[in-house]
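Structural description and commentary
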Amino acid sequence: MNESYRQTRIAQLQNHRHTLLQRREQRGAPIASIDMELNVVRAELQALYEAGRMQLVTETDA
């Protein structure tokens, strides 16, 4: 995975997460669906962070 793409995608997901958290605080917000979307965002962020860690380990071992 391209590091530039990974960093860009992380920034996009963090922004999206922030927006979802703000929407969740609004009165009458569909909390269940927002929580499901937050879980998807969180899972992708975790995968991207893990990919970055694995890349660092690979580079350090080389």
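Residues numbered from 1 in each chain as written. Predicted model: local features only at pLDDT ≥ 70, side-chain atom pairs only at ≥ 80, totals over all residues. Heavy atoms only, no water.

Let us look at the overall build of the protein. The number of helices and strands found in the protein is two helices and zero strands. Expected size for 62 residues packed as a compact globule is a radius of gyration near 11 Å; at 15 Å, the protein overshoots this value by more than 25%. On the principal axes, the C-alpha backbone points of the protein span a range of 55 × 15 × 15 Å. Taking all 62 residues of the protein together, 18% fall into the buried category. Summarising the internal contacts of the protein: among those between residues at least 6 apart in sequence, 60% fall at separations of at least 24. Roughly 4800 Å² of accessible area belongs to the protein as shown, and the carbon and sulfur atoms make up 54% of that amount. For the protein, the centre of its 8 positive side-chain charges and the centre of its 8 negative side-chain charges are spaced 10 Å apart. (Helix = DSSP H or I, 4+ residues; strand = E, 2+ residues; numbered from the N terminus. Rg over C-alpha atoms; globule rule 2.2 N^0.38 Å. Buried < 20%, exposed > 50% of the residue type's maximum accessible area, 1.4 Å probe, protein only. Contact = heavy atoms within 4.5 Å. Areas by Shrake-Rupley, 256 points an atom, 1.4 Å probe, with all protein chains shown as cover. Lys, Arg positive; Asp, Glu negative; His and termini not counted. Charge placed at Lys NZ, Arg CZ, Asp CG, Glu CD.)

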